[in-house]
Each structure stands twice: as C-alpha cells, then as structure tokens.
Amino acid sequence: MTLRAAGGHRVKVRLEVNAKARRLIIRLDERRREAVAVAPSSRQIEAAAAFAAERVDWISSRLQHLPEITRFEAGEIFQYRGEDCEISLEGDGRIAKLYPGEPRILSVPGDPETTQSRVVRFLKKQAKADLTRAVTKYSEILKVAPKGISVKDTRSRWGSCTADGQLAFSWRLIMAPPDVLNYVAAHECAHMREMNHSAKFWAHVARCCPDWQRQRAWLRLHGTELQAAGE
C-alpha cells in the first residue's frame, strides 16, 4: 500500500504476516526503499496497516535518510573488505580479477549487462572463503563442529545458526572490514554453544572476538550501506 506523509511524500508499505512476531512491527527494507508492516497473524493485517499509517511521518524520515544505492557497474566504487574498490570492464577473459592499488580495481571484462551478476558472484565466492576461514578458527576455540556453511542475500540477519549446526551468512559481509566479518562468524559459532543471547553466550563471543562490541556497533551504524550496494 502507499501512504502519504507530511510534505506530500509518498511512502510505500508492504504488509506481511510472520507467526514468529510477538507484536505489530515496522521495519525498513533498505534495498526496496519501502517499509514493512509485520503482523503476527492474518487477522491483524488491518491493524498492521493502521499501525504504519500512524507512523507514516517517522517512516518517511527514515527512508529519506537511507544511503544512496551503489550499483555494480563500470566506474562505480564500492567497499571491499572495508576499502574502496573500483569496477572496471577492462581486461582479458571473463573471470573477475582483483588488482591492488588505491583504490583497488576489480576487473570484470565482458558484456556490461552481466557486470552486476559477475561482481556479485565474485563477492559471494570471497565471502564464502573468508567466512569459512573464520568459522574454522572459532570452531576450534569453542570446540564446536558446524555441519555446513552457506552464504545468502539475507535482508534482516547477517548470520544464522540452526539447532543442527548449519551456519548461514550474508555475502555482503565481504564489503565490511575483516574484523566485522570475523565478529559475525564468532557470533554464530557461539550459538552452537548457547542458542540464546545470555551472558554465557557473550562470554563465548568474547573468547573469539574480544572487541566484539565495537564490531557490532560498526555493523549497526553502517549495515544499511552494505544493504544498499549492488541494487
């Protein structure tokens, strides 16, 4: 649905039902540039719509302050492991290659229409490698054994851990500084010891990542920038 905020700004709101939600929730979908009104059940959809309408000015303000979208195309500069990296279509072959410099250059030769998908493919591969190394290190420290590691394009979580030890992470973590990626890996490894956020859980995180609070703060501050890249 579309609402109108003060000043005539149009605000898009998507209505969703999530049985895990305990109450009506408003969240932002940074990549789609819209709000999501979440209801615990289908019977509360109308209440969710009214809940969003009451907060339309707040929603509009938050959406207007989202970072600009960074597109994966020739000449664009994005963050790779926390540093500037420029996309170039020059080079031989069709495999994306990274070259050192200031900024770094990611060469993605070939059809410009496939640049987006090939950059994402490259970043997913690098994210999987970095996360696998981090998980291996922290699993040894915490004496746990993950059953699998995957990278996805998640919108609401940077990482997750299932009861049987399947770990999943957002590939967008490869754009963050390495210490931030390592913190998320440590966070999910710690969940294999404690499936909660108790004091014991955070003690496990601290064993792997002593400055975890600083890394979590960075992610909370800059996470929307990672979500705005490549759209």
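Check the entry above for the structure.
Rules used throughout
- Residues numbered from 1 in each chain as written.
- Predicted model: local features only at pLDDT ≥ 70, side-chain atom pairs only at ≥ 80, totals over all residues.
- Heavy atoms only, no water.
- Axes fitted to C-alpha atoms, helices over the stretch in contact; angles between N-to-C directions.
- Helix = DSSP H or I, 4+ residues; strand = E, 2+ residues; numbered from the N terminus.
- Parallel < 35°, antiparallel > 145°, perpendicular 65-115°, else oblique.
- Left-handed = near helix turned anticlockwise from the far one by under 90°.
- Contact = heavy atoms within 4.5 Å.
- Nonpolar A, V, L, I, M, F, W, Y, C, P; charged D, E, K, R; others polar.
- Buried < 20%, exposed > 50% of the residue type's maximum accessible area, 1.4 Å probe, protein only.
- Pairing = 2+ DSSP bridges.
- Polar contact = N/O pair within 3.5 Å; in protein donor to acceptor, adjacent residues only side chain to side chain.
- Arc of directions from axis to C-beta.
- Expected span 1.5 Å × (residues − 1).

Participant: I'd like a description of the packing of helix α4 (residues 178-191) against helix α5 (residues 199-208), backed by residues and values.
Facilitator: Where α4 meets α5, the axes come as close as 9 Å, and the angle between the chain directions of the two elements is 135 degrees. Taken together, the axes of α4 and α5 are oblique relative to one another. α4 and α5 meet at a crossing whose hand is right-handed. Where α4 approaches α5, its residues Y183, A186, H187, A190 and H191 are matched on the opposing element by F201, W202, H204, V205 and C208. Across the contact of α4 with α5, the residue classes tally to 7 nonpolar, 3 polar and no charged.

Participant: Hey, could you go over the pairing of strand β4 (residues 34-39) for me, with residue numbers and the actual values?
Facilitator: Strand residues, when the strand is regular, have side chains that alternate between the two faces of the sheet. Within β4, 6 of the 6 residues are buried, leaving the element largely enclosed by the surrounding structure. Burial along β4 is two-sided: the face carrying E34, V36 and V38 and the face carrying A35, A37 and A39 are both buried. Direction of pairing for strand β2 (residues 10-17) relative to β4: parallel, over a ladder of 5 bridges. Bridging from a neighbouring strand, L15 pairs with A37 of β4. Where strand β3 (residues 25-29) lies against β4, 5 bridges are found, and the strand directions are antiparallel. For I25, the partnering residue across the bridge sits in β4 and is V38. What sits between the antiparallel neighbours β3 and β4 is a turn of 4 residues, in which R33 has the positive phi angle 60 degrees.

Participant: Can you break down the sheet that holds strand β6 (residues 83-88) residue by residue, with the values?
Facilitator: Read from one edge to the other, the open sheet built from 4 strands follows the order β5-β6-β8-β7, with strand pairing classed as mixed. Unpaired on one side and paired on the other, β5 (77-80) and β7 (97-99) mark the two borders of the sheet. Here the strands of the sheet are splayed against their neighbours by 35 degrees on average, with no regard to which way each runs. Looking at chain direction, β5 and β6 are connected through 4 bridges and run antiparallel. Within β6, the position partnered with I77 by the bridge is E86. On the sheet, helix α3 (residues 115-142) packs against β5, β6, β7 and β8 (104-107) and is oriented at approximately 15 degrees with respect to β5.

Participant: Residue-level account of the side chain of R14, with values.
Facilitator: Position of R14 among the secondary structure elements: in strand β2. Side chain to side chain, R14 and E16 meet in a polar contact 3.0 Å long. Beyond its immediate sequence surroundings of up to four residues, R14 is in contact with R27, D29, R32, E34, A35, V36 and A37.

Participant: For the side chain of S107, give the residues involved together with the corresponding values.
Facilitator: Among the structural elements, S107 can be located in strand β8. What makes S107 buried here is its relative accessible area of 4%. Within the structure, the side chain of S107 is placed 2.5 Å from the backbone oxygen of E90, a separation counted as a polar contact. Apart from residues lying up to four places away in sequence, S107 is in contact with S88, E90, G91, I95, A96, K97 and Y99.

Participant: Run through helix α1 (residues 45-54), naming residues and quoting values.
Facilitator: What α1 keeps buried is the set A48, A49, F51 and A52. For α1, the angular spread of buried residues about the axis comes to 160 degrees, placing them on one side. Exposed and oriented more than 90 degrees from the buried face of α1 are E46 and E54. The inward-facing, buried residues of α1 contact β1 (2-4), β2, β3, β4 and α2 (56-64).

Participant: If you had to explain α3 to someone new, which residues and values would you point to?
Facilitator: Note on helix geometry: an α-helix contains 3.6 residues per turn, so any two residues three or four positions apart are oriented the same way. Its 28 residues give α3 an end-to-end C-alpha distance of 40 Å, which sits within 8% of 40 Å, the value for a rise of 1.5 Å per residue. K143 lies just past α3 and shows a positive phi near 60 degrees.

Honestly, that's just the spatial picture; any functional story needs more than this.
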